[in-house]
Amino acid sequence: MNNGTLMLAADALIRARAGRWLIHTTTSRYPAFVLDNPNLVTLLGHFVRPLSLLTVLAQVPPAHRAEVQQVLEHLQTIGVLVPADSPAAADPAIDWSAQRANVHLRHLARSVYDLGGDVACLATFAETELRERTGAGLERRLLAMIAAVDGLKSELAGLRDAFVGPQLAALGLHPHSRDLNLHLGAGPTRIDGFVNIDIQGAPLNLNLAWGLPFSDGSVQRIYVSHMLEHLFYPHDVGTFLREMRRVLAPGGRLRLAVPDIAACIEAYRTGDRRFFESRHETWDWWPKDLTPLESFLAYAGAGAEPGHLLESHKFGYDFETLAKALRAAGFDTVLESRFMQSEDPLLQVDSASAVASARHGEHYYALFVEAVRNP
Ligand SMILES: C[S@@+](CC[C@H](N)C(=O)[O-])C[C@H]1O[C@@H](n2cnc3c(N)ncnc32)[C@H](O)[C@@H]1O
């Protein structure tokens, strides 16, 4: 047992469930520790600040000391209580990163999915049983969860302007800027003369699901490479396409590159294993032990894990389907294009993206499509 100062690990969670408390961390491989004793939970709460164990134990009545000591030792074993000077104890407000938030969100997304199965099966039985046992049935529990998530979403929504405004100003942009060229979902790629936008790590960081902070008709060109397949089809894709059309000026052009699913189907049908294997030359992190079918379906958006969040593909396109989505969003002119063959010289930018440039022999993995906002 560590007799120095201890703290709750930065990712420690104490959750109430059915009158008991579950104590764990988001990253530990150990199952949650279950506590029934509210005094112990209160005592644990003191460890938000560094605390010496001997000091704590000295305050516990002698009759309970052994029990408390046992619990605290177990919580050290499972990583909930950690030495105050260890990295695991770092204050999340200081040592905070989007990656860490993603760990929580992955966990939450997976949990919500699993919950769906439990709720579908236990349904009315759970509503009655939980209400009798705890006073709060399934529906009240779910509404409380929805309220918690919606509450956080609306607080975050309230921060958007303060986050985006200074970035726009630093780039010399404002909501009424005109004649813009936008590069959306830019990732590590930068295109000169374009406003490079991504959810993180770009000159302009924003979630494209918020819409674009530009006025109607203020944009001449939009380039989007390998981002559309990360959105859910058709709803989120439709919203995004309509938003791009809104900001485009009459005659303005949208150029899209997406995984070419028709080419994948053809490679699969003809047993062209090299088509799938040579993808590793561009995407070296792509798992090497996938069968062509696994590789193809993941590329086309099938089998996405809820916890993969934005990263996984949600859908795949051939020209007909993408053209349909573009027309539904109000684009009249939709054309299939080829690598670096935009009709607008300023949109001949595919070579800037390693992903759009990826090819197998003479064939590009991407489907290139352009849509014009007609006057
Ligand atoms: C596969 S990468 C493509 C990067 C780049 N366009 C290229 O061709 O190399 C997809 C990019 O879309 C971005 N993205 C996905 N969803 C987004 C969203 N809702 N808002 C902003 N960016 C998003 C990701 O952060 C990521 O950088």
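Throughout this document, residue positions are counted from 1 along each chain, in the order its sequence is written. Only residues with pLDDT of 70 or above have their local features reported here, since the model is predicted, and side-chain atom pairs are shown and tallied only from 80 upward, although totals for entire chains, interfaces and linings are computed over all residues. Hydrogen atoms and water are omitted, and side-chain values are computed over all heavy atoms in the structure.

A. Inspection of the nonpolar core at higher detail. Here, nonpolar core means buried Ala, Val, Leu, Ile, Met, Phe, Trp, Tyr and Cys residues that are tied together by side-chain atoms lying within 4.5 Å of each other. Remark: exposure states derive from per-residue accessible area (1.4 Å probe, protein chains only) relative to the maximum for the residue type, with buried under 20%, exposed over 50%, and partly exposed in between. Within the largest apolar cluster, 39 residues are counted, with the highest numbers of intra-cluster contacts made by Leu182, Leu184, Phe214, Ile222, Leu228, Leu254 and Leu326. The helix count covers DSSP runs of H or I at least four residues long, the strand count covers runs of E at least two residues long, and both are numbered beginning at the N terminus. Ranked by residue count, the leading element in this core is helix H7 (residues 235-247), at five residues.

B. Fine view of the site of the ligand. Throughout, near means a residue has at least one heavy atom within 4 Å of the molecule or strand. Around the ligand, 15 residues are found, and the nearest of them are Gly185, Asp198, Asn207, Ser225 and Ser353. Pairs of N or O atoms are called polar contacts if they sit within 3.5 Å, as long as, within protein, a hydrogen donor faces a hydrogen acceptor (for residues adjacent in sequence, only side-chain-to-side-chain pairs). Within the side chain of Asn207, a nitrogen or oxygen atom sits 2.9 Å from a nitrogen atom of the ligand. A distance of 2.7 Å is found between a nitrogen atom of the ligand and a backbone nitrogen or oxygen belonging to Ser225. Protein chains shield 85% of the accessible area of the ligand, which is 590 Å² for the free molecule. Note on areas: Shrake-Rupley with a 1.4 Å probe; residue coverage comes only from the protein chains shown.

C. Examining the domain arrangement of the protein chain more closely. Domain ranges listed in this record stem from an automatic or a database domain assignment. Per the domain assignment, the segments of the protein chain are domain 1 (5-89), domain 2 (98-157) and domain 3 (172-372). Using only C-alpha atoms to locate each centre, domain 1 and domain 3 end up separated by 48 Å.

D. The arrangement of helix H8 (residues 261-269) in detail. Turning to H8, its buried residues are Ile261, Cys264 and Ala267. One side of H8 holds all its buried residues, which, seen down the axis, span an arc of 115 degrees. Note on definitions: a residue-residue contact is assigned when non-hydrogen atoms from the two residues lie within 4.5 Å. On its buried face, H8 is in contact with strand S11 (248-259), helix H9 (273-277) and helix H10 (292-299). Here H8 starts with a cap whose side-chain oxygen sits 3.3 Å from the backbone nitrogen of Ala262, and that cap is Asp260. Residue Gly271 follows H8 closely and has a positive phi angle near 70 degrees. As used here, the arc belongs to the directions running from the helix axis to the C-beta atoms.

E. Fine view of the sheet that holds S11. Following DSSP output, two strands are said to pair if at least two bridges run between them. Taken in spatial order, the seven strands line up as S9-S8-S7-S10-S11-S15-S12 in an open sheet, and their pairing is mixed. What marks the edges here is a single partner per strand, and that holds for strand S9 (204-205) and strand S12 (333-337). Two elements, strand S7 (residues 180-184) and strand S8 (residues 195-198), share three bridges in a ladder whose sense is parallel. The residue bridging His183 from the neighbouring strand is Asn196, located in S8.

F. Local environment of the sheet that holds strand S2 (residues 12-17). Spatial ordering of the open sheet is given by S2-S3-S4, a layout of three strands whose pairing is antiparallel. Each of the sheet's edge strands pairs with one partner strand only, and the pair in question is S2 and strand S4 (33-35). Strand-to-strand twist in this sheet, taken as the mean axis angle between neighbours without regard to direction, amounts to 25 degrees. Inspection of the sheet shows strand S3 (residues 20-25) paired to S4 by three bridges, in the antiparallel sense. If you follow Ile23 over to S4, its bridge partner there is Phe33. Simply put, an axis is a line fit to the C-alpha atoms, just over the touching stretch for a helix, and the angle between two N-to-C directions goes from 0 to 180 degrees. Its contacts with the sheet place helix H1 (residues 38-45) against S2, S3 and S4, and it is angled at close to 35 degrees to S3.

G. Main features of the pattern of salt bridges. Salt bridge, as used here: a side-chain nitrogen of Lys or Arg that lies within 4 Å of a carboxyl oxygen of Asp or Glu. All told, the structure shown has 14 salt bridges when counted by the stated rule. Among the salt bridges present, the one from Glu129 reaches Arg133, with a minimum N-O distance of 3.0 Å. Within this pair, Glu129 and its partner Arg133 are both found in helix H4 (residues 98-134), separated by four residues, close to a single helical turn. Residue Glu343 pairs with Arg253 through a salt bridge whose shortest N-O separation is 3.7 Å. Here Glu343, found in the loop between S12 and helix H12 (354-357), pairs with Arg253, found in strand S11; they are 90 residues apart in sequence, far enough to count as distant. Three or more residues joined by partner-sharing salt bridges are found here, namely Arg253, Arg255, Glu343, Asp350 and Glu370.

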